[in-house]
Amino acid sequence: MTDVEKRQDRSPVPTDWTYAPAPESTDIVKLQDRYELFIGGKWIEAKEHFTTLSPRDESPLAEVAQASEADVHKAVAAAREAFPAWSKLPGSERSKYLFRIARILAERSREFAVLESLNGGKPIKESRDVDLPLASAHFFYYAGWADKLEYAFPNRKPKPIGVAGQIIPWNFPLLMLSWKIAPALAAGNTVVLKPAETTPLTALLFADVLRQAELPPGVVNIVTGDGRTGAALVDSDVDKIAFTGSTDVGKAIQRRVAGTGKRLTLELGGKAANILFDDAALDQAVEGIINGIYFNQGHVCCAGSRLLVQESIYEPAIEKLKKRMATLRVGDPLDKNTDVGAINSREQLDRITALVEAGKDEGAEIYQPPCKLPEKGYWFAPTVFTNVAQSYRIAQEEIFGPVLSVLTFRTPEEAVEKANNTPYGLSAGVWTEKGSRILWMANKLRAGVVWANTFNRFDPTSPFGGYKESGFGREGGLHGLLPYVELT
Ligand code: NDP
């Protein structure tokens, strides 16, 4: 008997780890009863309003303006008026504003993180440790480019393009705002931003950051509303549309923009393959696979929603995966121990449920660890499907929820073929000890981002974007400036 085994007889070793509640206080967030439209540096009253909810308990948080077509035109006119002065500012002056915004976001990060989790449902540890640091880092990064554009594009003369209309989704509300606004301003453009209907509150709080940073009026305008507001922005007098969201809406926007001369970038859906070879460090890989799909409840365009496992390690891999899933804590997004928070909206919950039902009907085998879901609010247990065929809807369509589909392969060639066999091409992951195999796979995978022995890593210096139905154009890094400049 070893020393440790001897001691176990005498000192009780806990077999069951339960966590005491660790709620984050919401006192730091001061919500208004009603929010209007941020146009030309002022709050402009809208005619209609809608209620924004907290998905964790369906409680109303605030009334938010529904911008009409006329409101959108007002916002675009304000951005147009602000453009000449803003674009003529020396880059070093523009960068001062961006640095200020970055610093203020970092200073107010706790307030923003709490509001993000309250309005969107993501776990506070994610909004605190991922969304907010990255949002601030994007402004820092692009602040650095504002006075170096001629070095970014050597021997060319980069000029701003004008007014950018930017439409963002609900999965990373503040982070997507930063991805869009920071490069646009750095390059000297002005902006009209439309946040998603279900998560407008951090964008509205961001207007207060702009006030603190003393950004000239009209350089950034924020119009809230539903899809109609987005459509009005697409049809308005903007010079460019930057869109992140579903492939269907992306296609519709592309049709409307065709022939107008407006620039367009689309960052759409994905169905990433996380590819696990038999020589990979299995425990480490399982952590990456869990993070790849259950991070932000799977509301991630680049989520590793398909797991391709090499047949020789299928059994131990699935066993470890299920064991790890059973330790995930699902519940209140504002509890600091929560791993999987609330589903963003009733509509999204219905979409996830319908696709999971389709998976069961088609013959896949479902596993959900035992977990008690809160009664109020929108919830879905972490789910894995095994016995999945390539043709099943759960292997082809973006579920955008905490649902993983597992397929198997024998050879690297088969892994590549299966990984590329979806309409999407946004991201992929490769888990193997062999560097040469990583490089071989990265070359063959039709995906904008390929992670090796890690997943869901983001950095402002690194471009992000897709192939095929995942869209076109890149955000982040030097490439992220390109859609916002005209090169002569
Ligand atoms: P949408 O594509 O509808 O939403 C993205 C943004 O576009 C939102 O601001 C939305 O406004 C706006 N919008 C909606 N209709 C139009 C339109 N006709 N013209 C211009 N803008 C418009 O995504 P959903 O929220 O409906 O989600 C549906 C599915 O899309 C999800 O299940 C998921 O699969 C996928 N999705 C993918 C994302 C990604 O990052 N790749 C992000 C979000 C969703 P509003 O919110 O007010 O409807």
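Everything below is about the structure printed above this text.
Residues numbered from 1 in each chain as written. Predicted model: local features only at pLDDT ≥ 70, side-chain atom pairs only at ≥ 80, totals over all residues. Heavy atoms only, no water.

Contacts to the ligand come from 27 residues, most closely from Ile-168, Trp-170, Ser-246, Leu-268 and Glu-398. Side-chain polar atom of Trp-170 to an oxygen atom of the ligand: 2.5 Å apart, as the coordinates give it. In the model, an oxygen atom of the ligand is placed 3.3 Å from a nitrogen or oxygen of the Gly-225 main chain. Here the ligand, which alone exposes 850 Å², has 85% of that area covered by the protein. For the shell around the ligand, the secondary-structure elements that each account for two or more residues are α9 (227-235), β10 (240-244), α10 (247-257) and α13 (346-362). Split into classes, the residues belonging to the shell around the ligand amount to 13 nonpolar, 9 polar and 5 charged. (Near = heavy atom within 4 Å. Polar contact = N/O pair within 3.5 Å; in protein donor to acceptor, adjacent residues only side chain to side chain. Areas by Shrake-Rupley, 256 points an atom, 1.4 Å probe, with all protein chains shown as cover. Helix = DSSP H or I, 4+ residues; strand = E, 2+ residues; numbered from the N terminus. Nonpolar A, V, L, I, M, F, W, Y, C, P; charged D, E, K, R; others polar.)

A few words on the pattern of salt bridges. Under the defined criterion, the tally for this structure stands at 27 salt bridges. The partner of Arg-346 in a salt bridge is Glu-58, and the shortest N-O contact between them spans 3.6 Å. Taken together, the residues span a long stretch of sequence, with Arg-346 in helix α13 and Glu-58 in the loop between β4 (48-53) and β5 (60-66) at a distance of 288 residues. Between Arg-410 and Glu-311 there is a salt bridge, with its nearest N and O atoms 3.0 Å apart. Taken as a pair, Arg-410 in the loop between β16 (403-409) and α15 (412-419) and Glu-311 in the loop between β13 (306-310) and α12 (314-325) lie far apart in primary sequence, 99 residues in all. A residue is classified by how much of its surface remains accessible, and Arg-410, at 58% relative accessible area, is exposed. On the basis of relative accessible area, Glu-311 is assigned to the partly exposed category, the value being 37%. (Salt bridge = Lys/Arg side-chain N within 4 Å of Asp/Glu carboxyl O. Buried < 20%, exposed > 50% of the residue type's maximum accessible area, 1.4 Å probe, protein only.)

You can see Phe-400 is positioned in the loop between α14 (393-396) and β16. Given a relative accessible area of 16%, Phe-400 falls into the buried group. When near neighbours in sequence (up to four residues on either side) are disregarded, Phe-400 contacts Trp-170, Asn-171, Gln-297, Gly-298, His-299, Val-300, Cys-301, Gln-348 and Ile-352. (Contact = heavy atoms within 4.5 Å.)

Here the focus is the sheet that holds β5. Reading across the sheet, the 3 strands line up as β1-β5-β4 and stay open at both edges, with mixed pairing between neighbours. Each having just a single partner strand, β1 (34-35) and β4 make up the two edges of the open sheet. (Pairing = 2+ DSSP bridges.)

Of all 5 residues in strand β11 (residues 263-267), 4 are buried; the element is thus mostly enclosed. For β10 and β11, the ladder comprises 5 bridges, and the chain directions are parallel. Across the sheet, residue Ala-242 finds its bridge partner in β11, namely Thr-265. Where the polypeptide runs from β10 across α10 and back to β11, its parallel neighbour, the crossover connection is right-handed. Relative to strand β19 (residues 471-472), β11 runs antiparallel, the two sharing 2 bridges. (Right-handed = clockwise from strand over helix to strand, strands pointing away.)

Bringing the packing of helix α5 (residues 124-145) against helix α7 (residues 173-186) into the picture now. Packing of α5 against α7 leaves a shortest axis separation of 9 Å and a crossing angle of 5 degrees. The orientation of α5 with respect to α7, classified from their angle, is roughly parallel. On the side of α5, the interface is formed by Asp-131, Leu-132, Leu-134, Ala-135, His-138, Phe-139 and Tyr-142, while α7 contributes Leu-174, Leu-175, Leu-177, Ser-178, Trp-179, Ile-181, Ala-182, Pro-183 and Ala-186. Within the contact of α5 with α7, the residues separate by chemical class into 13 nonpolar, 2 polar and 1 charged. (Axes fitted to C-alpha atoms, helices over the stretch in contact; angles between N-to-C directions. Parallel < 35°, antiparallel > 145°, perpendicular 65-115°, else oblique.)

Once that is clear, we can look at α13. Its 17 residues place the ends of α13 24 Å apart at the C-alpha level, agreeing with the 24 Å of an ideal helix rising 1.5 Å per residue. Buried residues of α13: Gln-348, Leu-349, Ile-352, Leu-355, Val-356, Ala-358 and Gly-359, and no others. Tucked into the core, α13 has its buried residues touching β14 (365-367), β15 (383-386), α14 and β16. Note on α13: the residue one or two positions beyond its end, Gly-363, has a positive phi of about 115 degrees. (Expected span 1.5 Å × (residues − 1).)

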